[in-house]
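# Notes for the structure review
One-letter residues, chain by chain:
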Amino acid sequence: MARPNEEVEALLQEYADLISITGGDAFKARAYEKAARAVGGYHEDVSRLDPKALREIPHVGRSIADKVEEYLRTGHVAAVDELRARIPAGVREMTAIPGLGPRRAMMLFRERGISSVEELVEAVTAGRLRDLRGFGEKTEENILHGVAVMRQAGGRVLLNVAMDLAEEVVAELSAVTGCARCAYAGSLRRYRETIGDIDVLSAADDPGPLMDAFVNLSYVDEVIARGDKKTSVRTTKGLQVDLRVVPMGAWGAALQYFTGSKAHNIRLREMAVRAGLKLSEYGLFDVETGDLVVSETEEEVYERLGLPWIPPPLREDRGEVEAALRGELPDLIEEGDLRGDLHTHTDLTDGVSSLDEMVAAAARLGHSYYAVTDHAPNLFMQRMSDDKMLAQREAVRALDGRHHRMRLLHGTELNIDPDGGVDWPPEFLDGFDLCVASVHSHFNQGSAEMTRRLVRACENPHVTIIGHPTGRLLGRRPAVDVDLDELFRACARTGTALEINSFPDRLDLSDENILRARRHGVRFAVDSDAHSVVHLPHLRFGVGTARRGWLTADEVINTWPLRRLRSFLRKGR
DNA sequence: GCCGTTTTCGGCCCGACTGTTTTCAGTCG
């Protein structure tokens with residue numbers, strides 16, 4: 001299941017929310033928020049820490065350490081339960097609506113008895129909020145729009161959440177006696193950006209022990225269906241997991257079938273029919289004789305249909321079958337191709353790990369170079385200054401090459417202002433090895449303005465990477481309104497790379513936009529945007545997204561040797 | 001509730017935007 005750190009993070013964050021909603025001390029709420037983030041990003045498993053070690057986590061003092069200890073020991077925290085009892089869970093859920101915070105959520109509950117997102121939508125529609133102080137026509141509109149954005153996620157979970165769970169299920173089932181193979185399939189294997197339910201496939205002669213082990217996993221809350229071939233459960237977090245058990249001989253056909261996508265499989269079945277064959281999860285069969293042709297490996301199935309094996313991220317019926325037939329499948333980038341990370345933060349701004357910790361952790365991942373790119377001063381809340389940045393640069397230079405000979409680059413994440421300008425004057429920017437530039441404000445500009453703004457940023461000779469180019473947050477904020485083709489043209493023309501931000505709630509650019517951008521000859525950078533050491537491995541999700549966008553290693557600048565990368569970063573200056 | 005080149009209480013990220021209001025509260029990054 002989730003790391004204990006994440007569970008504790010969620011608990012502390014919930015307590016912070018409850019304090020805000022009930023009108024408690026704002027600084028106290030903030031203290032819990034800070035502690036939540038620090039625990040979530042802490043490099044050690046909190047469930048293994050004694051009280052003294054717990055208090056060494058930044059922003060965790062006696063009171064919070066006690067609560068964490070209480071939670072780990074009993075699964076509950078009395079103080080949290082007490083507040084939960086006073087506020088319906090739906091009120092807290094309402095604060096997830098963009099633009100609706102704790103104060104007004106509480107007001108809606110007090111004044112109108114509204115205690116769920118559904119009731120809120122009803123009340124808006126019925127005009128019951130009209131005479132409430134602070135609620136006008138525009139607010140109603142924003143609430144409905146916010147709910148729509150939230151619902152677009154449609155009960156799906158982020159890739160990392162699904163991946164953590166799936167890998168744990170696979171690990172536990174693999175250890176069951178008689179389990180010959182076990183793997184996750186479905187949209188997760190294809191690295192879709194959100195996951196509706198998790199498909200796990202096992203091969204065994206006797207499904208019994210596997211099904212038993214499956215329904216008895218500690219995080220299973222409910223068994224939805226139980227059979228010999230398929231069992232479905234719902235976890236305590238509400239995620240559905242399906243386990244299918246097949247005989248070892250059908251492994252390849254089953255893996256192919258359950259990986260999907262549906263559209264891709266339909267294409268394959270059509271090809272089979274034309275060849276006098278029938279494809280199902282049990283194998284590829286001869287229609288006339290009914291004889292099994294192949295089923296043991298995916299490679300055999302594809303080969304018998306006249307195709308090379310197609311990597312799962314391509315299986316969306318977006319031209320991969322045609323490309324395969326022509327022998328023109330791209331040689332997709334792999335995680336091992338990445339030589340470094342070009343967008344990361346430290347606790348100098350909003351990260352929770354120190355420079356030393358981040359650099360050491362990055363070196364352990366095997367990077368040959370690594371860029372530190374903390375926030376620039378126009379993101380005022382980060383309180384960046386010239387002096388702080390220069391002091392960090394010295395610290396970075398001193399660490400350069402000290403961990404596994406990993407080379408360090410000193411950069412920054414600039415803020416693209418509404419006109420397309422950035423934080424510092426050119427003389428100061430000259431001192432950086434690279435500048436990522438991102439939109440952090442004025443997300444609502446019209447398309448013409450936003451396009452001009454981003455194009456101008458590309459034209460800045462110091463800006464080498466556009467960070468999270470559309471600014472979307474999955475389930476929380478839509479992409480900015482920008483003429484993407486215009487932006488992509490500008491990137492190609494100016495030698496500015498587009499980021500593929502690997503953070504699971506961003507994955508920005510998205511696979512579809514990558515496909516579109518690469519047609520313009522754009523270069524990309526797959527970055528973690530890590531704010532903690534635990535975020536550094538998120539790169540796998542960025543690489544998965546890049547693969548869905550058909551990218552080869554050569555199109556991604558951080559697969560390049562440092563020499564070639566540096567030349568690109570100079571941008572002809 | 002945490003933190004301290006402040007040892008014990010005062011400060012804690014701060015500026016901008018939005019929608020509502022008529023002087024500002026709430027929300028966001």
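As a reminder, the structure under discussion sits directly above these lines.
Residues numbered from 1 in each chain as written. Chains lettered and ligands numbered in written order. Predicted model: local features only at pLDDT ≥ 70, side-chain atom pairs only at ≥ 80, totals over all residues. Heavy atoms only, no water.

### Regarding the sheet that holds strand S9 (residues 283–286)
For clarity, the cut-off: DSSP calls a pair of strands paired once it identifies at least 2 bridges connecting them. Think of it this way: any DSSP run of H or I at least four residues long counts as a helix, any run of E at least two long counts as a strand, and we number them from the N terminus. Simply put, an axis is a line fit to the C-alpha atoms, just over the touching stretch for a helix, and the angle between two N-to-C directions goes from 0 to 180 degrees. Any two residues whose heavy atoms approach within 4.5 Å are treated as being in contact.
Pairing is antiparallel in the open sheet, where three strands are placed in the order S8-S9-S10. Each of the sheet's edge strands pairs with one partner strand only, and the pair in question is strand S8 (277–280) and strand S10 (292–294). Strand-to-strand, the axes of this sheet are offset by a mean angle of 35 degrees, without reference to chain direction. In this fold helix H14 (residues 262–274) packs onto S8 and S9, with an angle of close to 155 degrees to the strand it touches most, S8.

### Structural notes on the pattern of salt bridges
Counted only if it meets this: The term salt bridge refers to a side-chain nitrogen of Lys or Arg lying within 4 Å of a carboxyl oxygen of Asp or Glu. For the exposure calls, accessible area comes from a 1.4 Å probe over protein chains only, and a residue counts as buried if that area is under 20% of its type's maximum, exposed if over 50%, partly exposed in between.
Inspection of every chain in the model, using the stated rule, returns 31 salt bridges. A salt bridge links Asp131 to Arg112, with the shortest nitrogen-to-oxygen separation between them at 2.9 Å. Residue Asp131 is found in the loop between helix H8 (117–125) and helix H9 (137–152), and its partner Arg112 is found in helix H7 (residues 102–112); the two are separated by 19 residues along the sequence. Residue Arg112 is classed as partly exposed on the basis of its relative accessible area, which comes to 26%. As a salt-bridge pair, Arg318 and Asp511 come within 3.1 Å of each other at their nearest N and O atoms. With Arg318 in the loop between helix H15 (298–304) and helix H16 (320–325) and Asp511 in helix H22 (residues 511–518), this residue pair connects regions lying 193 residues apart in the sequence. Residue classification places Asp511 among the buried positions, given a relative accessible area of 6%. One continuous salt-bridge network, built from bridges that share partners, spans Arg190, Glu316, Arg318, Asp511 and Arg548.

### With respect to the sheet that holds strand S11 (residues 340–341)
Here seven strands make up an open sheet; going across it, the order is S11-S12-S13-S14-S15-S16-S17 and the pairing parallel. Of all the strands in the sheet, the pair left with one neighbour each is S11 and strand S17 (524–527). As defined by bridge partners, S11 adjoins strand S12 (residues 369–375) across two bridges and the pair is classed as parallel. Following the sheet pairing, Asp341 is matched in S12 by Tyr370.

So, to be careful, I would describe these as geometric facts and stop short of saying anything about function.
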